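# Overview (structure and organization)
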Amino acid sequence: MSLSPLDDFPIHQAPQVMRHVATSDRNFYDRYYFNCHPGTDELMLIVGLGQYPNLGVTDAFACARRTDLHRVVRASRELGPDRMDTTVGPFRVEVIEGLKRLRVILEPNEHGLAFDLTWTGTIPATLEPRHFVRWQERVVFDSVRLAQTGRWTGAIVVGDEEIPVDGWQGTRDRSWGIRPVGEPEPPGIQVKNPGTFYWLYAPMQFDDHAILCIVQEDHQGRRVLEEAVRVWPDGREEYLGRPGYHPVYAPGTRDVVEATITFDKIEVRCTPILPVHLMVGTGYGLESDWKHGMYQGSEPVVQGVTYTLPEDADRMWGMVDAVGRFEYDGQVGHGLFEYWALGPHPSFT
């Protein structure tokens, strides 16, 4: 064991130094996620930065969808002893005021995407239900997450274009715990897993409140995780009841063109207006040579990936993070409409 600057703070949760987490599970992670958009189909920026203490790695990515362009910058390095150091190559996250204001930066680089953005939450950071999935005796997910809607100021550079950001919308989350990361493990008995990931994640921002909604079901349609809460800026929360998710797919696909989310008291109409394929180039599992937590070597690595639509449409699959338009009771809001319908599920029989 060795000390790090964080050990000088009275925040220990286990008889370990702070660089060591309380579980030896290789899949422990600690991650930031942000998205930024003007509430239109013009641009969506998604940023993530994670640490993987039991793999000794930290990495980051930024993905921008601008008209027909899908551009990614990603970076990785050895984690080192100081977990307060959130720099990864040209990336860094600065906590200005915990749970309220953060600064997210991608310094200018050769890959045509950069930004300097400041986040201010519009509702208190809200803790979501614990996500726990055990399959064939293995704990696959055991994590917690906070969610928040907010506003952005700053600037984004895409190619040669500098785009001012003044009051743009977005959502963010912070999650930590266990989920699959890093290099592939031998599947063993997990080959019996049907591979279903039926998922909706929809944090929505309206003029004076937000709605946070989650639906996850297994291959038999059983609920794995759900959330349905309305949150006001002063911290008031209202549980909305069990959410019902009713998507409409483009013919012959699992691409959502519209959806309805039903709660006990309200019904929200959802329209994805700018789809971004979150997993393409960013490390969420599609590329064999770049996955979150994968060791890229002793020297820091920075890479860029660019695809153009519709020419590269065959590469675009997996989880979709769309700018979403949400409507109910005469109110219109925007936020994240994140969905994936992978594998068998009763709705497809």
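Sequence order sets the numbering: in each chain, residues are counted from 1 along the sequence as written. Residues qualify for local features only when their pLDDT is at least 70, as the model is predicted, and side-chain atom pairs are given and counted only at 80 or more; totals for whole chains, interfaces and linings, by contrast, use all residues. Side-chain descriptors were evaluated using all non-hydrogen atoms of the structure, hydrogens and water having been removed beforehand.

### Remarks on the overall build of the protein chain
As a reminder of what qualifies: To qualify as a helix, a DSSP run of H or I must reach at least 4 residues; to qualify as a strand, a run of E must reach at least 2; elements of each kind are numbered from the N terminus. Only C-alpha atoms enter the radius of gyration; for comparison, a globular chain is expected to reach 2.2 Å times N to the power 0.38, where N is the number of residues. Three exposure classes are used, based on accessible area relative to the maximum for each residue type with a 1.4 Å probe and protein chains only: buried under 20%, partly exposed in between, and exposed over 50%. Any pair of residues with heavy atoms lying within 4.5 Å of one another is described as a contacting pair. For every accessible area listed, the method is Shrake-Rupley and the probe measures 1.4 Å; residues are considered covered only by the protein chains on display.
When helices and strands are tallied, the protein chain shows 0 helices and 21 strands. Here the protein chain has a C-alpha radius of gyration of 20 Å; the compact-globule value for 349 residues is 20 Å, and the two agree. Taking all 349 residues of the protein chain together, 52% fall into the buried category. Partitioning the contacts of the protein chain with sequence separation of at least 6, the portion at a separation of at least 24 is 58%. Total accessible area on the protein chain is roughly 15700 Å²; 51% of this is exposed by carbon and sulfur atoms.

### Considerations on the state of the cysteines
Filter applied, for reference: Cysteine sulfur pairs qualify as disulfides if the two atoms are within 2.5 Å.
Summed over all chains, the structure comprises 0 disulfides. As a non-bridged cysteine, Cys213 has Cys270 as the owner of its nearest cysteine sulfur, 7.8 Å distant. By relative accessible area, Cys213 is classed as buried at 1%.

### With respect to the pairing of strand β6 (residues 101–106)
Basically, it comes down to this: We treat two strands as partners when DSSP finds at least two bridges between them.
With 6 bridges connecting them, strand β5 (residues 91–97) and β6 associate as antiparallel partners. Its bridge partner lying in β6, Phe91 is registered against Leu106. Between β5 and β6, which pair antiparallel in sequence order, lie 3 residues; one of them, Leu99, sits at a positive phi of approximately 70 degrees. As judged from the 6 bridges shared by β6 and strand β7 (residues 113–121), these two strands associate in the antiparallel manner. Bridged to Leu102 within β7 is Trp119. The hairpin formed by β6 and β7 contains 6 residues between the paired strands, and Gly112 there has a positive phi angle of roughly 80 degrees.

### As for the sheet that holds strand β18 (residues 267–277)
The condition is simple: Axes here mean lines fitted to C-alpha atoms, for a helix over just the part in contact, with angles spanning 0 to 180 degrees between N-to-C directions.
The 9 strands are arranged β15-β14-β13-β12-β21-β20-β18-β17-β16 in an open sheet whose pairing can be described as antiparallel. A single partner strand is all that each edge strand has here, and the edge strands are β15 (237–239) and β16 (244–249). The mean angle between the axes of side-by-side strands here comes to 25 degrees, regardless of whether they run parallel or antiparallel. Pairing of strand β20 (residues 320–328) with strand β21 (residues 331–342) involves 9 bridges; the strand directions are antiparallel. Of the residues in β21, the one forming a bridge with Tyr328 is Gln331.

### Comments concerning the nonpolar core
The nonpolar side chains of a soluble globular protein tend to be buried with one another. Note the cut-off: In plain words, nonpolar cores are sets of buried Ala, Val, Leu, Ile, Met, Phe, Trp, Tyr and Cys residues tied together by side-chain atoms within 4.5 Å.
Counting residues in each nonpolar core, the largest one holds 32 residues, and the members touching the most others are Met44, Ile46, Phe197, Trp199, Tyr201, Leu278 and Met319. Setting aside its immediate chain neighbours within four residues, Trp199 contacts His131, Arg145, Ile214, Val215, Gln216, Leu225, Met319, Glu338, Tyr339 and Trp340. Listed in part, the 29 residues of the second largest apolar core include Leu43, Leu49, Val88 and Phe91.

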